[in-house]
Amino acid sequence: MIGKAIYSLLTANSTVTAKLGTKVFPDFIPQGTNFPALIYRIVNTDPAYTKSGAATLDEIDIQLEVYHTSYTEAQAIAAACRSALDFYSGTVADLTIQSISFQDQQSQVFEAEQELVVLAQGYKARHTR
């Protein structure tokens, strides 16, 4: 469910869509997609259990990866994603998000064969179940 919320927040941001269109995908970039593009993935889900039953809150680690042929443009997309997600709270895609917080960013790799820069960002989201 958090994936739909991340997709909605990113594609609702005019700066992100100006740079990527709707090339925002879960887990992998479909073959034949032109760059730039972005993937998001759920890295970990940590339920906050209570003494009396099932968890009512989940903490989720999310990773975004920006793929671009230009390092400068990849940085600009990453900055737009951070603006769209960091410190968000509210309801989106029928999910109540308590908070999303930016954790880190790194230059992941340079794909020499395809001449691609890959920037990775980490976020932590908390949402009620």
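Here, every reference points to the structure presented above.
For the structure given in this document, a descriptive report is provided here. In this numbering scheme, every chain counts its residues from 1 along its sequence in written order. Local features are withheld for residues below a pLDDT of 70 in this predicted model, meaning they are given only at 70 or higher, and side-chain atom pairs are given and counted only at 80 or more; totals for whole chains, interfaces and linings count all residues. To get the side-chain values, take all heavy atoms of the structure and skip hydrogens and water.

Here we take up the pairing of strand β2 (residues 37-50). Should DSSP find at least two bridges between two strands, the strands are taken to pair. Where helices and strands are cited, they refer to DSSP runs of H or I of at least four residues and of E of at least two residues respectively, numbered from the N terminus. Looking at chain direction, strand β1 (residues 24-26) and β2 are connected through three bridges and run parallel. Across the sheet, residue Val24 finds its bridge partner in β2, namely Leu38. Alignment of β2 against strand β3 (residues 53-68), held across twelve bridges, turns out to be antiparallel. Residue pairing across strands places Ile39 opposite Glu65, the latter belonging to β3. The hairpin formed by β2 and β3 contains two residues between the paired strands.

For the rest of this paragraph, the subject is the nonpolar core. We define the nonpolar core as a collection of buried residues of types Ala, Val, Leu, Ile, Met, Phe, Trp, Tyr and Cys that are connected through side-chain atoms lying within 4.5 Å of one another. To sort residues, take the accessible area from a 1.4 Å probe on protein chains only and compare it with the maximum for the residue type: under 20% means buried, over 50% means exposed, and anything in between is partly exposed. Counting 31 residues, the largest nonpolar core has Ile2, Ile6, Leu10, Leu64 and Ile100 as its most contacted members. Of all the secondary structure elements, the ones that give two or more residues to this core are α1 (2-11), α2 (14-20), β2, β3, α3 (71-85), β5 (95-111) and β6 (116-128). Broken down by element, the residue count for this core peaks at seven residues, all from α3. By definition, residues are in contact when any of their heavy atoms lie within 4.5 Å. Beyond its immediate chain neighbours, meaning those up to four positions away, Leu10 contacts Val16, Thr17, Val24, Leu38, Leu64, Cys81, Ala84 and Leu85. Listed in part, the six residues of the second largest apolar core include Phe25, Ala37, Tyr67 and Val118.

Before going further, it helps to spend a moment on the pattern of salt bridges. Salt bridge, as used here: a side-chain nitrogen of Lys or Arg that lies within 4 Å of a carboxyl oxygen of Asp or Glu. Overall, the coordinates contain five salt bridges when judged by the stated rule. Here Glu73 makes a salt bridge to Lys19, at a shortest N to O gap of 3.8 Å. On the criterion of sequence distance, the pair formed by Glu73 in helix α3 and Lys19 in helix α2 is long-range, its members being 54 residues apart. On the basis of relative accessible area, Glu73 is assigned to the partly exposed category, the value being 33%. Across the pair Glu59 and Arg126 runs a salt bridge whose closest N-O atoms are separated by 2.4 Å. Of this pair, Glu59 sits in strand β3 while Arg126 sits in strand β6; the two residues are 67 residues apart in sequence, bridging distant segments of the chain. Given a relative accessible area of 26%, Arg126 falls into the partly exposed group.

With that settled, consider the packing of aromatic side chains. Between the rings of Phe, Tyr and Trp (Trp by its six-membered ring), a pair exists once the centres lie within 6.5 Å; its type follows the angle of the planes, with under 30 degrees stacked, over 60 edge-to-face, and the other angles tilted. In the structure shown here, the tally under the stated rule is two aromatic pairs. Lysine and arginine charges are scored as sitting over a ring when NZ or CZ, respectively, is within 6 Å of the ring centre and within 35 degrees of the ring normal. Residue placement shows Arg82 over the ring face of Phe102; its charged tip is 3.7 Å from the ring centre.

Turning to the packing of α1 against α3, a few remarks are in order. Fitted lines through C-alpha atoms give the axes, limited to the stretch in contact for helices. The angle between two N-to-C directions lies from 0 to 180 degrees. Here α1 crosses α3 at 115 degrees, and the two axes come no closer than 9 Å. What the angle tells us is that α1 and α3 run roughly perpendicular. Here α1 and α3 pass one another in a crossing that is right-handed. Residue-level inspection shows Ile6, Leu9 and Leu10 of α1 in contact with α3, the latter providing Cys81, Ala84 and Leu85. Ten residue types, Ala, Val, Leu, Ile, Met, Phe, Trp, Tyr, Cys and Pro, are classed as nonpolar, four, Asp, Glu, Lys and Arg, as charged, and the remainder, Gly among them, as polar. Here the contact of α1 with α3 is built from residues that sort into six nonpolar, no polar and no charged. Roughly parallel refers to an angle under 35 degrees, roughly antiparallel to one over 145, roughly perpendicular to one between 65 and 115, and oblique to any angle outside these ranges. By convention the crossing between two helices is left-handed if the near helix lies anticlockwise of the far one by an angle smaller than a right angle, and right-handed if it lies clockwise.

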